[in-house]
Amino acid sequence: MADKVVARRQSLGFLLLYALASAGGAIAYVPFLTIWLPGRMTELAGSADVQTLGYVTFFGAIAASVGAIGFGWLSDRTQNRRGWVLAGLALTIGLLLAVPLAQDIWSLVAIIIAWQLALNMMLGPLAAWAGDLVPDDQKGLLGGLLAFSPALGGWSGWLVTWPGLVPAESRLIVIALLVATAVLPVLLFGRPRPFPELTAPPKRTEEAGPQRPTGPAVRMWLARLLVQIAEAALFAYLYFWFRSIDPEMHDNEKARLFGMALTIAIPIALASGRWADRNDRPFLPLVVSSAVSGLGMVGMALATGLDAAKASYLVFGIATTVFLSLHSSQTLRILPRSDRRGRDLGIFNLTNTVPSLIMPWLTISLVPGFGFDALFLLLAGLTAIAVLLLATMPRLR
């Protein structure tokens with residue numbers, strides 16, 4: 001009997017290696033896009049750096065969306081997730097090292113777009129691989145482990161910018177080495193137990209038409225989109241909001257607060273995920289964390305002093321990180337087709353890219369006339385809709 005229980009569970013070793021590989025994606029893009037790229041844009045574009053960075057962000061988001069769907073679908077068709085991840089890793093590192101060779105704006109833009117495609121050649125099939133190998137009663141644990149991804153991405157940025165540790169001209173090389181160190185172990189040493197029932201093609205009948213997105217899948221997609229709009233707004237404008245509260249607040253303190261939220265979220269996500277697995281309540285932690293995230297934004301809207309602002313942001317940042325980590329793993333249980341898992345996860349990836357197109361318009365419309373308070377209250381309202389979508393899901397029971 002004990003052997004049957006063990007056979008139904010994926011090995012902890014593989015789950016840990018997989019979580020490390022997933023973190024490799026964050027290590028690839030967080031320090032590169034937030035630290036290295038803006039500086040290089042200033043060198044090449046001068047006073048037009050902000051506008052040019054906006055173009056790169058826009059076209060990069062399109063490339064990421066296309067790459068996630070396209071390469072996820074290709075990994076479905078070829079049934080070879082590991083091969084696509086390895087190819088994407090090699091191209092991601094190669095293009096990352098080629099970025100300094102760009103001597104003008106348009107060659108840099110071209111390399112960034114190609115890099116986004118390569119990165120999603122790695123990340124799209126990698127996300128689908130978890131759906132092939134992690135049973136439902138371990139998806140909560142997987143979500144908790146995925147909380148390491150944003151934290152390791154932030155820590156890697158802190159590492160490569162540590163004064164005197166890494167020369168500026170060597171930062172991309174160090175980032176490339178960190179990415180390879182994170183992703184290669186699961187490809188080389190991962191020995192996952194197979195779960196044929198997770199990869200079995202859907203049953204077809206003569207009466208059945210093509211499978212369309214289910215109600216839970218649509219609800220999960222919309223809920224993540226709404227929360228991601230709030231997360232994207234805070235990520236982009238956190239600096240300016242804290243400056244409006246206290247102009248004397250040091251940049252290092254803002255970065256430390258951001259890193260603290262990501263770090264504290266890890267044990268909370270792990271505990272929440274394990275609780276969901278043990279009690280067979282996969283979506284309840286999503287409801288709670290999204291609700292707490294909304295309360296954090298209300299607190300930010302009402303905050304008048306720096307201490308209240310920092311405490312409210314920590315509530316928001318921790319809860320949102322927990323939500324996004326657990327959502328990533330629990331999404332795998334509600335996708336309608338196992339043989340289109342990579343493609344469908346690529347469609348879910350739109351919830352990561354579309355907010356970058358929506359969020360600037362919300363901010364421009366509200367902040368100049370009504371301040372950040374109005375923006376945060378609107379975002380809290382959007383998050384409340386996400387709470388309702390998840391709280392009324394049939395599978396919550």
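Given the structure is predicted, the values throughout are model-derived calculations rather than measurements. Think of each chain on its own: its residues are numbered from 1, step by step along the sequence as written. Whole-chain, interface and lining totals are the exception, using all residues; otherwise, since this is a predicted model, local features are given only for residues with pLDDT of at least 70 and side-chain atom pairs are given and counted only at 80 or more. Hydrogen atoms and water are omitted, and side-chain values are computed over all heavy atoms in the structure.

## Side note on the overall build of the protein
At step 1: Every helix listed is a DSSP run of H or I at least four residues long, and every strand listed is a run of E at least two residues long, numbered separately from the N terminus. For the protein, the count of helices and strands is 15 helices and 0 strands.
At step 2: To get the radius of gyration, use the C-alpha atoms; to get the globule rule, take the number of residues to the power 0.38 and multiply by 2.2 Å. By the compact-globule yardstick of 21 Å for 397 residues, the protein fits well, its C-alpha radius of gyration being 21 Å.
At step 3: Taking the principal axes of its C-alpha atoms as reference, the protein extends roughly 65 × 45 × 40 Å.
At step 4: Out of the 397 residues in the protein, the part that is buried amounts to 50%.
At step 5: In the protein, of all internal contacts separated by at least 6 residues, the share reaching a separation of at least 24 is 84%.
At step 6: The Shrake-Rupley method, run with a 1.4 Å probe sphere, supplies the accessible areas, and residue values consider only the shown protein chains as cover. Summed over its atoms, the accessible surface of the protein is roughly 18200 Å², and 67% of this surface lies on carbon and sulfur atoms.
At step 7: Positive: Lys, Arg. Negative: Asp, Glu. His and the chain ends are not part of the count. To locate a charge, take atom NZ for lysine, CZ for arginine, CG for aspartate or CD for glutamate. Side chains of the protein give 30 positive and 23 negative charges; the mean places of these two sets differ by 9 Å. Think of it in three bands: with a 1.4 Å probe and only protein chains considered, a residue is buried below 20% of the maximum accessible area for its type, exposed above 50%, and partly exposed in between. Note on contacts: a residue pair qualifies if any of its non-hydrogen atoms lie within 4.5 Å across the two residues.

## Some remarks on the nonpolar core
At step 1: Throughout, nonpolar core names a set of buried Ala, Val, Leu, Ile, Met, Phe, Trp, Tyr and Cys residues whose side chains join them through atoms within 4.5 Å. In this structure, Y18, W241, F242, Y313, F376 and L379 are the most contacted members of the largest nonpolar core, which totals 106 residues.
At step 2: For this core, the element with the highest residue contribution is helix α10 (residues 215-245), accounting for 14 residues.
At step 3: Setting aside its immediate chain neighbours within four residues, F376 contacts L234, W241, M297, M300 and A301.

## Re a nonpolar patch on the surface
At step 1: A cluster of nonpolar side chains, namely Y55, F58, F59, I62, V66, L117, L357 and I358, defines an oily patch on the protein surface of about 660 Å² accessible area.
At step 2: Those elements that place two or more of their residues in the nonpolar patch are α3 (49-78) and α15 (350-391).
At step 3: Sort the elements by how many residues they give to the nonpolar patch and α3 lands first, with 5 residues.
At step 4: On the secondary structure map, F59 appears in helix α3.
At step 5: The exposure class assigned to F59 is partly exposed, which follows from its relative accessible area of 40%. Patch members must show over 30% relative accessible area and no salt bridge, and they are joined within 9 Å when carrying like charges or within 5 Å when they are nonpolar side chains of Val, Leu, Ile, Met, Phe, Trp or Tyr. Salt bridge criterion: a side-chain nitrogen from Lys or Arg within 4 Å of a carboxyl oxygen from Asp or Glu.

## Remarks on helix α4 (residues 81-98)
At step 1: If you check α4, its first and last C-alpha atoms are 26 Å apart, about what 18 residues at 1.5 Å a residue would give, namely 26 Å.
At step 2: Residues of α4 that are buried: R81, V85, G88, L89, T92, I93 and L96. Projected onto a plane normal to the axis of α4, the buried residues spread over an arc of 130° and lie on a single side.
At step 3: Any pair of N or O atoms that falls within 3.5 Å is considered a polar contact. Within protein, one atom must be able to donate a hydrogen and the other to accept it, and sequence-neighbouring residues count only if both atoms are side-chain atoms. Here α4 starts with a cap whose side-chain oxygen sits 3.1 Å from the backbone nitrogen of G83, and that cap is N80. A helix's residues, less one, multiplied by 1.5 Å, set its expected span. Directions are taken from the helix axis to each C-beta atom, and the arc is the one they span.

## Digging into the side chain of T92
At step 1: Checked against the element boundaries, T92 lands in helix α4.
At step 2: The buried category is assigned to T92, whose relative accessible area is 1%.
At step 3: At 3.3 Å, the side chain of T92 and the backbone nitrogen of L119 are in polar contact.
At step 4: Contacts of T92, omitting those with residues within four sequence positions, involve W115, A118 and L119.

Take it as geometry only, folks, not as evidence of what the structure does.
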